[in-house]
Structure formats: C-alpha cells, structure tokens
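# Structure at a glance
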Amino acid sequence: MESMGQSESREGELGQLPPGQRLQRGWPVTHYGPVPKFKPDRWEFRVFGATADGEKHAWTHDEFSALPYSTVVADLHCVTKFSMLGAEWGGVAARRIVELAPPAPEVTHVMVWAEYGFSSNLRLSDFAAEKTIFATHKDGELLTAEHGFPVRLIVPHLYAWKGPKWVRGVEYMTADRRGFWEERGYHNIGDPWEEQRYSYQEQPGDGPEL
C-alpha cells in the first residue's frame, strides 16, 4: 500500500498559478450531464471494494453530516485552464473516511463514484493527502446543487475533474483502472504543475498496466 501521508504529485504555494492557467474571479459551473435531484432519504455514502475487514461501510446523509467537520484553504485548478485561488472548503476529510473504513494493505488506488455512474480514479496517496476533502461547503456556505451539493470531492493538488461532484462513494482497488474522463482521453494522474492534461502526455507508469 502506498503511504497515505504522501503524494507523488506536488502542490505549489497557495495562490500560485500552475503553468497554462489563468486567474478566475468567481466560480464557473462546469459539469457533464444534468444536475441530479437530491433525495435525502435515499442518499447513501458507501465505501466498498478491498476494505480491510472485507465489509461495505455506509452512511446515511444524516450520519455523514454528523462526521467531524474539517476545513482547508486550497486552490481549485480546472483543466479548462481557469484557477480559483484561496477558497475555504468545509466538509469531511478524506483521511477521516480512510480511518473509519480502512483499506486492505494491498490497496493502491481508489475509484470515486458519483451520480449517474460518473467515476474518477486516484492513487491512494492522492486520495488520503492532507487537503483532500469531501466538501459540503465553500467559504462557509452550503454548496449549491450546480456545484455538487450535497458532497463533492476536492483534491487541490490535481486538476478539478479528479474531484467529482455529487459523490456517492469510494471503491478501494488493488490495481489502477481509468475513470470516466480518463477513459475519454484525459491524463490518468492530472497534476496541474506538470500540465498533465491529456492521456497522450502520459509516461510509462502513469496509467494502468495493460
């Protein structure tokens, strides 16, 4: 298992723009497909796959909302070349989920699942990085539906497509496989400081073994 406290990607100083990015005032709405309707009585956050105890872990919306609340100040870098700097994200730290539902020792990657079957793959080290957070709030305000309410993942040191909106769960994996955008030509890792935008830029070891 990769060290959960370290990520091979690097994050620049807060407030810096990665290469090829431009400063964005405000927060554009960008997503694929329709905005899902939130039904709290049917909503469930699941952790499954290669868990340490072999069991599925699940929280209702009330239970998830009752988990310890954390905040991080972090930038958001979209692959469409805008960057939003210095936002405060509030919610449940990804590390907390890892603590509550530990992965098996052989887990190396996760697949983050969202509404409509949308998915994004991450190295376990990126998922468990210090600032990765399941955000429910931005700058103290509840997320809007268009921006991912009730939960979206924020992975500040990677491009924003690696943090899906409308998250419903996490799958622990013992081998990497590509998510929705990764299968459609986006880079498997997505480090903005290396401008890892597209799959043709991948180096040996960046993607799943064939």
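Above this text is the structure in question.
Just so you know, these numbers come straight off a predicted model, no measurement behind them. (Residues numbered from 1 in each chain as written. Predicted model: local features only at pLDDT ≥ 70, side-chain atom pairs only at ≥ 80, totals over all residues. Heavy atoms only, no water.)

### Focus on the pairing of strand β11 (residues 167-173)
Quick reminder of the rule: For every residue, the accessible area (1.4 Å probe, protein chains only) is compared with the maximum for its type, and the residue is labelled buried under 20%, exposed over 50%, or partly exposed between those bounds. Secondary structure follows DSSP: runs of H or I at least 4 residues long count as helices, runs of E at least 2 residues long count as strands, and numbering of each begins at the N terminus. The rule for pairing is simple: two strands pair if DSSP sees at least two bridges between them.
Counting buried residues in β11 gives six out of seven residues, a clear majority hidden from the surface. As paired strands, strand β2 (residues 44-49) and β11 are joined by four bridges and run parallel to one another. From the neighbouring strand, G49 faces β11, where its bridge partner is Y172. Relative to β11, strand β6 (residues 109-114) runs antiparallel, the two being bridged by six bridges. Within β11, the position partnered with V112 by the bridge is V170.

### Describing the packing of aromatic side chains
Where we set the bar: A pair of aromatic rings is counted whenever rings of Phe, Tyr or Trp (Trp by its six-membered ring) have centres within 6.5 Å, and the orientation is called stacked for planes under 30 degrees apart, edge-to-face for over 60 and tilted otherwise. Lysine and arginine charges are scored as sitting over a ring when NZ or CZ, respectively, is within 6 Å of the ring centre and within 35 degrees of the ring normal.
The final tally for this structure, using the stated rule, is 14 aromatic pairs. Each ring, one from W43 and one from F45, has its centre 6.4 Å from the other, and the planes form 35°; the classification is tilted. For the pair W43 and F45, a shared accessibility class is recorded, and that class is buried. Ring pairs connect the aromatic residues F118, Y159, W161, F180, W181, Y186, Y198 and Y200, which therefore count as one cluster. The ring centre of F48 lies 4.7 Å from the NZ or CZ of R46, which sits over that ring. The residue whose ring lies beneath R184 is F180, and the NZ or CZ to ring-centre distance is 3.7 Å.

### So, the nonpolar core
Condition: The term nonpolar core refers to a set of buried residues drawn from Ala, Val, Leu, Ile, Met, Phe, Trp, Tyr and Cys, joined through side-chain atoms within 4.5 Å. Should any heavy atoms of two residues lie within 4.5 Å, those residues are counted as being in contact.
Residues F45, F64, F127, F134 and Y172 are the most contacted members of the largest nonpolar core, which totals 29 residues. For this core, the elements supplying multiple residues, two or more each, are β2, α2 (94-100), β6, α3 (124-127) and β11. Setting aside residues up to four positions removed in sequence, F64 forms contacts with W43, F45, W59, V92, I97, F134 and V151. Of all hydrophobic cores here, the second largest spans twelve residues; its members include L76, I133, I154 and A160.

### Quick notes on the side chain of H137
The line we're drawing: N or O atoms closer than or at 3.5 Å make up a polar contact, with two conditions inside protein: a donor-capable atom paired with an acceptor-capable one, and, for residues adjacent in sequence, both atoms drawn from side chains.
With respect to the element layout, H137 can be found in strand β8 (residues 133-138). Side chain to side chain, H137 and T136 meet in a polar contact 2.7 Å long. Excluding anything up to four places from it in sequence, H137 contacts Y69, E88, W89, G90, L142 and L143.

### Re the sheet that holds strand β3 (residues 57-60)
As a reminder of what qualifies: In this analysis an axis means a line fitted to C-alpha atoms, helices contributing only their contacting stretch, and an angle means the value between N-to-C directions, from 0 to 180 degrees.
Strand order in the open sheet made by the five strands is β3-β2-β11-β6-β7, with mixed pairing throughout. Sheet topology places β3 and β7 (119-123) at the edges, where each strand pairs with a single neighbour. The average angle at which neighbouring strand axes cross in this sheet is 15°, direction not considered. By the bridge criterion, five bridges tie β6 to β7 in an arrangement that is antiparallel. Its bridge partner being in β7, M111 is matched across the sheet by N121.

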